[in-house]
Amino acid sequence: MALPTKPLVANEEFFWGVATSGYQAEGGYNGPGQPLNNWAWAESKGAVAPSGRTADFWTLANEDFERCRDMGLNSFRMSIEWSRVQPVTELGSTACPKPGAKPPPFDEQALYSYAQRIAACRAHGLEPIITLHHFVHPAWLGLDAWLNPETINHFLAFVRHTLIYLLRTLPQDFGCAPPRWFITINEPNLLAFNHYLYRLFPGDHMIGLDPTVKCLAHLLEAHIRAYRLIHEIYAKSETKPMVSFNNYCSDLYWSDSAMLDLLFAPSRGVPKEKVQADLAKRAEAFDESFNSTRLFPRHGLRYFLGQWIKKFHHGVAKRGFAAPCWDQVIALLYERNEVPLDYIAFDFYDPFVAHALRLPSWHDFETRKRSFRDWMLESVVSKWWDWHLLPEGLAFFVKHFGSYGLPVLIAENGMALRRLHDNQRFHRRDKVARSQYLREHVRMVSQLVERGQPLIGYLHWSLFDNYEWGSFAPRFGLFSLDYTGYPTRHAVDVNGDNPSATYAQEIREAKSHFAAAARRTEKKTASGDGAKSGAAPATNIAVTRESNISSPGSVQ
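Residues numbered from 1 in each chain as written. Predicted model: local features only at pLDDT ≥ 70, side-chain atom pairs only at ≥ 80, totals over all residues. Heavy atoms only, no water.

Draft legend 1. Just the packing of aromatic side chains, in detail. Applying the stated criterion to the full structure yields 55 aromatic pairs. Taken together, a centroid distance of 6.3 Å and an interplanar angle of 45 degrees make the contact between Phe290 and Phe296 tilted. By relative accessible area, which is 5% here, Phe290 ends up buried. Measuring from ring centre to ring centre gives 5.5 Å for Trp308 and Phe312, while their planes differ by 5 degrees; the resulting arrangement is stacked. Here Trp308 pairs with Phe312, and both are found in helix H11 (residues 301-321), just four residues apart, close to one helical turn. For Trp308, a relative accessible area of 56% translates into the label exposed. If you follow Arg117 out to its NZ or CZ, it ends over the ring of Trp58, 3.7 Å from the centre. The ring of Phe464 is capped by Arg489, whose NZ or CZ atom sits 4.6 Å from the centre of that ring. (Phe/Tyr/Trp six-rings, centres within 6.5 Å; stacked < 30°, edge-to-face > 60°. Buried < 20%, exposed > 50% of the residue type's maximum accessible area, 1.4 Å probe, protein only. Helix = DSSP H or I, 4+ residues; strand = E, 2+ residues; numbered from the N terminus. Lys NZ or Arg CZ within 6 Å of the ring centre and 35° of its normal.)

Draft legend 2. Structural context of the pairing of strand S11 (residues 455-461). In terms of burial, S11 is largely enclosed, as seven of its seven residues are buried. Here strand S2 (residues 15-19) pairs with S11 via five bridges, running parallel. Note on S11: the bridge partner recorded for Phe15 is Gly457. Here strand S8 (residues 408-413) runs beside S11; their pairing, made up of three bridges, is parallel. For Ile410, the partnering residue across the bridge sits in S11 and is Tyr458. (Pairing = 2+ DSSP bridges.)

Draft legend 3. Here's a closer look at the nonpolar core. With 159 residues, the main nonpolar core has Trp16, Phe76, Phe155, Trp326, Phe346 and Tyr503 as its most contacted residues. Considering each element in turn, this core owes the most residues, 14 residues, to helix H8 (residues 209-234). If sequence neighbours within four positions are ignored, Trp326 has contacts with Val213, Leu216, Ala217, Leu220, Leu262, Gly320 and Phe321. Counting five residues, the second-largest nonpolar core is a separate cluster that includes Leu36, Trp41, Ala139 and Leu143. (Core = buried A, V, L, I, M, F, W, Y, C linked by side-chain atoms within 4.5 Å. Contact = heavy atoms within 4.5 Å.)

Draft legend 4. Highlighting the sheet that holds strand S12 (residues 474-475). The antiparallel open sheet is built from three strands, whose spatial order is S10-S9-S12. Only two strands of the sheet have a single neighbouring strand rather than two, namely strand S10 (425-426) and S12. Across two bridges, the pairing between strand S9 (residues 417-419) and S10 is antiparallel. The partner of Arg419 across the bridge, within S10, is Arg425.

Draft legend 5. Spatial organisation of helix H15 (residues 434-450). Spanning 17 residues, H15 covers 24 Å between terminal C-alpha atoms, matching the ideal 24 Å at 1.5 Å per step. Among the residues of H15, Arg434, Ser435, Tyr437, Leu438, His441, Val442, Met444, Val445, Ser446, Leu448 and Val449 are the ones counted as buried. Gly452 sits one or two residues past H15 and shows a positive phi near 100 degrees. (Expected span 1.5 Å × (residues − 1).)

Draft legend 6. How the structure looks around helix H12 (residues 326-333). Burial in H12 covers these residues: Trp326, Val329, Ile330, Leu332 and Leu333. End-on view of H12: buried residues confined to an arc of 160 degrees, all on one side of the axis. Where H12 is buried, its residues contact H8, helix H9 (257-264), helix H10 (275-293) and H11. (Arc of directions from axis to C-beta.)

Draft legend 7. Looking closely at the sheet that holds strand S5 (residues 181-186). With parallel pairing, eight strands are arranged side by side around a closed barrel as S2-S3-S4-S5-S6-S7-S8-S11. Neighbour-to-neighbour, the strand axes of this sheet turn through a mean angle of 25 degrees, independent of strand direction. Across three bridges, the pairing between S2 and strand S3 (residues 75-79) is parallel. In the strand pairing of S3, Gly17 is matched with Ser75. With respect to the sheet, helix H14 (residues 391-402) is in contact with strand S7 (344-348), S8 and S11, its orientation differing from that of S7 by roughly 165 degrees. (Axes fitted to C-alpha atoms, helices over the stretch in contact; angles between N-to-C directions.)

Draft legend 8. Structural view of the pattern of salt bridges. Enumeration over the complete set of coordinates arrives at 21 salt bridges. Here Arg489 makes a salt bridge to Asp64, at a shortest N to O gap of 2.8 Å. On the criterion of sequence distance, the pair formed by Arg489 in strand S14 (residues 489-490) and Asp64 in helix H3 (residues 57-71) is long-range, its members being 425 residues apart. Residue classification places Asp64 among the buried residues on the basis of a relative accessible area of 0%. The partner of Asp430 in a salt bridge is Arg428, and the shortest N-O contact between them spans 2.8 Å. The class of Asp430 is partly exposed, set by a relative accessible area of 38%. Taking relative accessible area as the criterion, Arg428 reaches 5% and is therefore assigned buried. Linked through salt bridges whose partners overlap, the residues forming this network are Glu63, Asp64, Arg67 and Arg489. (Salt bridge = Lys/Arg side-chain N within 4 Å of Asp/Glu carboxyl O.)

Draft legend 9. Structural context of the environment of Lys318. Secondary-structure assignment places Lys318 in helix H11. A relative accessible area of 43% places Lys318 in the partly exposed class. Along the chain, Lys318 and Gln276 lie 42 residues apart, while their C-alpha atoms are 8.0 Å from each other. Dropping the residues within four chain positions of it, Lys318 is found in contact with Trp254 and Ala280.

Draft legend 10. The arrangement of unusual backbone geometry in detail. The amide bond that connects Trp461 to the next residue, Ser462, takes the cis arrangement and shows omega of 5 degrees. Mapping Ser462 onto the fold places it in the loop between S11 and S12. Non-glycine residue Asp56 carries a positive phi angle of around 55 degrees. Within the secondary structure, Asp56 sits in the loop between helix H2 (40-45) and H3. Although it is not a glycine, Trp469 adopts a positive phi angle of roughly 55 degrees. Examined against the element boundaries, Trp469 turns out to sit in the loop between S11 and S12.

Structural measurements only, silent on function.
So this is what it looks like as structure tokens:
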């Protein structure tokens, strides 16, 4: 599965972009007469803040694409929301639908609207990277949809209908190529954990290891089958799809890398009955590699608590991966000697268990309906605005994922500030501004590309502040929003920082470095110095980009 490399010669081969999701950014969900998803019950009961119009991306997409183009971006990650494409507008039972129940019809007008936005994305010089499931599902599937294996078939029906529609409509009505880059399921590891371990996401089922593992197994099965389906649908097209899923990366092997190693097992020649033993060996090797980087001082309460959590996690997770629900996933994988990934996508924030806990603090709670367990858990677990700046950690994971022999995409990376819905603001404890965070991470990305890591892109989360799973307090945007009125985009935040300008500047400098590295490589290649000296040129995975960009005026 390893792809050939070539000298880095074209800036356009690298994705500089931003990442968004529909429910968090579009607006227009879970209100009267609006499409309902599995957060509708929590919103209606006041258990979470109502999402409302959030960033109103559904209305402002063209303006946002213009902002991206003006920053020098060439890619944009967006989701096609299943809840909008196959909607219900009346809230029913929280239970899963009965076997054989007829699902709601697809909304062709919603699909046409998504086609318009994809065409507009291309018209502004941005390659669309499409997420097909970003944490939420239609309300008609019930709260605990991913515990029901029938949800996989419903998801595949949505994928099939949506992609066939886009393959036909985008060239026919807009004169542009259909999307090529797909993420099937966003962070399946966090989706399962947040529903059934931490209960940060709504659910009816009791929390515990069994439902967590069952949910995760169904999500991975859905990815494998969706990967095959997308390639089948595109087989008669001139476009070759690039399909992946993205985990929230973690130094807890069984919460992240184990899923990749499972997908690679057939191609590595691992016998079906030895998969669990192979994963256990790879867990040991991962820990050895991670510990050798010495990213953290080996002392202090946090470090030792983190080590204890890691050992406990290994024991529990190994038992979870031996559950019978994995048999179906393994059987499906071994039907073909392939890796159901065309590239590796991962999300990097603060993925280190040594940073998972903090001293008890109650100053940053929001007023919500919370159980005593929730209050205690939230008091000691790091919040978004506690996450550390550690670009060296990003380098470790890029090198780790690069060893799999596929192109690597940083599908999300960002930093949160805390600012309440009424605009009350708080300073981060480390006083880091978003511009500083961007500089350090973009420069690390640039160095990794120049050193030959197979990185193909970096997507910042996010273009603007948005709805963060029940709250508006975590602010991740390059453009800040004032939610007391219309969600106008502000380039300068309340602290006087202008992160969008910083990102644009860092991209310009990175492109300049890439071009200089390419010239040096070409010069060495022409003179033969590289071969004589044995020097390794800066390389990148060569991936053909099919842009077929239409003009902005052609978008309706």
